[in-house]
Amino acid sequence: MLKAGVRKPDEGTAEPFEKGTTWNMITVTGLSKAYITPYARVQALKNVSLKVETGDIFGVIGFSGAGKSTLIRCFNRLEEPDEGTIVIAGNNVTSMNQNQLRLARRKIGMIFQQFNLFDSRTVFQNVSFPLEVAGYSRNKIRQRVGEIIELVGLTEKAKAYPSQLSGGQKQRVGIARALANDPDVLLSDEATSALDPQTTYSILELLQDLNRKLNLTIVLITHELDVLKYICNNMAVLERGEIVERGTVKKLFLNPESDTARRFIGITESFHNHTVYREGEGI
Amino acid sequence: MNSDLLPLLLQGTGETLYMILLATVASLVIGLPLGVILVVTEKGHIMESSQLNKVLGTIINIVRSFPQIILIVVLLPLARLIVGTSLGSTAAIVPLAIGSAPFLARVIESSLKEVENGKVEAAQAVGARPIEVIGKVLIPEALPSLIRGTTLAIIAITGFTAIAGAIGAGGLGSLAIRFGYMRYRDDVMYSTVIILIVMIQGVQLGGELLAKRIDKRRHKLG
Ligand SMILES: Nc1ncnc2c1ncn2[C@@H]1O[C@H](COP(=O)(O)OP(=O)(O)O)[C@@H](O)[C@H]1O
Ligand SMILES: [Mg+2]
């Protein structure tokens, strides 16, 4: 296990969570969301409450369809919640009008499984997009983009188009674009799920590095236990739109309480055994 | 070969090019915003409004269901209002533009719909306003497809000008009817057909080259 590179506020006091929102970058209370389709009503989130400390790397894990994407997309209101409140960096995101929301979104970066880069723009131009939108001067943009693509290790690819990059490089561009406006929070929706294991680790390492260097709070959702194990400190397990378990990642392994958590650990172990077995066979 | 052939063809070609050019510009001015609005007012898009979407869609379908020749006759009085005359090539531009804009709007709509929703969301997620999503993401991302679609519309407009010509708008269509058909001038008939074929090939080739060039720049290796 890797050590948590995060400042833990009030460590040693009895109830750090009860000390108000000062140290919580994100506070979600009673969040519910249903999708209404012509055929059915899908309750994607049911009364979800959680807190993410400032500077934490927080993981939400769950099987496919559990509501993970819905949850994280409510944070920047790409999905509109039906009920509940979301407070990020002291601002109530759920009560904002469109103008306030646009300003708040500059401080909430997001990265995606499919990268969602702009194919019409070079790496440089992709990263400059949020800065153009925020109305920075040309000079300021050039300087900031330069800094940020160096931070993700893509300086020599500045003039390349996304189609000329590998998956890992694409996600680095996605990260650079998400961080251009120096956000407080980075939301990651299965950002490594389209990548091979090697590349996954290099991206996770980058995220960890950014978390330390910038004291960036990261919320990542994943269906891969390895990802959670690799960089998260605290976690929640989501099942059918409800949080069925929460706490530190360590606790999840040592003392899983929910069936879902046990199933996750079981699946991962049997998967690894299977892999070892197959390697033994020389495949 | 008759000595009047060349001047006739030159004048006809000039008038046809004039109509195509202005009608294309005018139908882009009408059709591009319409196409954009059709896309962004769809359910789940950046400016969702099912009412506006339905109203626009219906108007477009109605205009498109008019036979072109009827549309021209119906719209010529409007031409007098807008360009001051209901005769000749200039007057024809009004019905040509109004008749072609709905087609162009549909072509542009389908091009813009090819842009993955994830890109739109990525733009929204950094705080882009709808106008920025349209101008900096939707249109640039769809550009090669938009050029191909516009090429298609120009070709349709070229055929449309020939019909307009047949009822008095001038241009090659008018030549073919007045000389080729009514006066049995085979030389005029064949020449106009050849010029039209060359024009359409030229537009098609030009559009394709332009679209390819953009595609190539975005996908070059290295
Ligand atoms: N736009 C949508 N319309 C209807 N149902 C949806 C939509 N998005 C998600 N759902 C449903 O909501 C549930 C949760 O989906 P999602 O949040 O994407 O789960 P996860 O990311 O954990 O796989 C699923 O049952 C899914 O089918
Ligand atoms: Mg998902």
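This section reports on the structure supplied with the text.

### Focus: the sheet that holds strand β4 (residues 83-88) of chain A
All names here are of chain A.
Here comes step 1: If you trace the 4 strands from one edge of the open sheet to the other, you get β2-β1-β4-β5, paired in antiparallel fashion. Of all strands in the sheet, those bounded by a partner on one side alone are β2 (41-53) and β5 (91-92).
Here comes step 2: With 9 bridges connecting them, strand β1 (residues 24-36) and β2 associate as antiparallel partners. Pairing of Thr 27 across the sheet is with Lys 51, part of β2.
Here comes step 3: Sitting on the sheet, helix α1 (residues 68-75) is in contact with β1, β2 and β4, with an inclination near 60° to β2.

### A word on the pairing of strand β8 (residues 217-222) of chain A
Residue and element names in this part refer to chain A.
Here comes step 1: The buried fraction of β8 is high, at 6 of 6 residues.
Here comes step 2: Side chains Thr 217, Val 219 and Ile 221 project from β8 onto one buried face, and the interleaved Ile 218, Leu 220 and Thr 222 project onto a second face that is buried too.
Here comes step 3: Looking at chain direction, strand β3 (residues 57-61) and β8 are connected through 5 bridges and run parallel. The residue bridging Gly 59 from the neighbouring strand is Leu 220, located in β8.
Here comes step 4: Bridge count for strand β7 (residues 185-189) against β8 is 5 bridges, and the pairing is parallel. Counterpart to Asp 189 in the pairing with β8 is Ile 221.
Here comes step 5: Running through helix α6 (residues 197-214), the crossover from β7 to the neighbouring parallel element β8 is right-handed.

### Section: the nonpolar core
Here comes step 1: Ranked by size, the top nonpolar core spans 46 residues in total, and within it Val 127, Ile 149, Ile 175, Leu 186, Leu 207 and Leu 228 of chain A carry the most contacts.
Here comes step 2: Here Leu 186 of chain A is in contact with Gly 109, Met 110, Ile 111, Ala 178, Leu 179, Leu 207, Leu 216, Thr 217, Ile 218 and Val 219 of chain A, once residues within four sequence places are set aside.
Here comes step 3: Within the second largest apolar cluster, 34 residues are counted, among which are Met 96, Leu 101 and Ala 236 of chain A together with Ala 125 of chain B.

### Quick notes on the pattern of salt bridges
Here comes step 1: Enumeration according to the criterion identifies 25 salt bridges over all chains in this entry.
Here comes step 2: Here Glu 79 of chain A ties to Lys 33 of chain A by a salt bridge, and the two come within 3.9 Å at their closest N and O atoms. Note that Glu 79 of chain A is positioned in the loop between α1 and β4 and Lys 33 of chain A in strand β1, a separation of 46 residues in sequence.
Here comes step 3: Note on Glu 79 of chain A: relative accessible area 16%, which makes it buried.
Here comes step 4: Judged by relative accessible area, Lys 33 of chain A falls into the buried class, the value being 9%.
Here comes step 5: For Lys 119 of chain B, the salt bridge goes to Glu 141 of chain B, with nearest N and O atoms at 2.7 Å. Highlighted residues: Lys 119 of chain B in helix α5 (residues 117-125) and Glu 141 of chain B in helix α6 (residues 130-169), separated in sequence by 22 residues. Neither Lys 119 of chain B nor Glu 141 of chain B differs from the other in exposure class; each is buried.

Reading the values: rules and limits
Residues numbered from 1 in each chain as written. Chains lettered and ligands numbered in written order. Predicted model: local features only at pLDDT ≥ 70, side-chain atom pairs only at ≥ 80, totals over all residues. Heavy atoms only, no water. Pairing = 2+ DSSP bridges. Helix = DSSP H or I, 4+ residues; strand = E, 2+ residues; numbered from the N terminus. Contact = heavy atoms within 4.5 Å. Axes fitted to C-alpha atoms, helices over the stretch in contact; angles between N-to-C directions. Buried < 20%, exposed > 50% of the residue type's maximum accessible area, 1.4 Å probe, protein only. Right-handed = clockwise from strand over helix to strand, strands pointing away. Core = buried A, V, L, I, M, F, W, Y, C linked by side-chain atoms within 4.5 Å. Salt bridge = Lys/Arg side-chain N within 4 Å of Asp/Glu carboxyl O.

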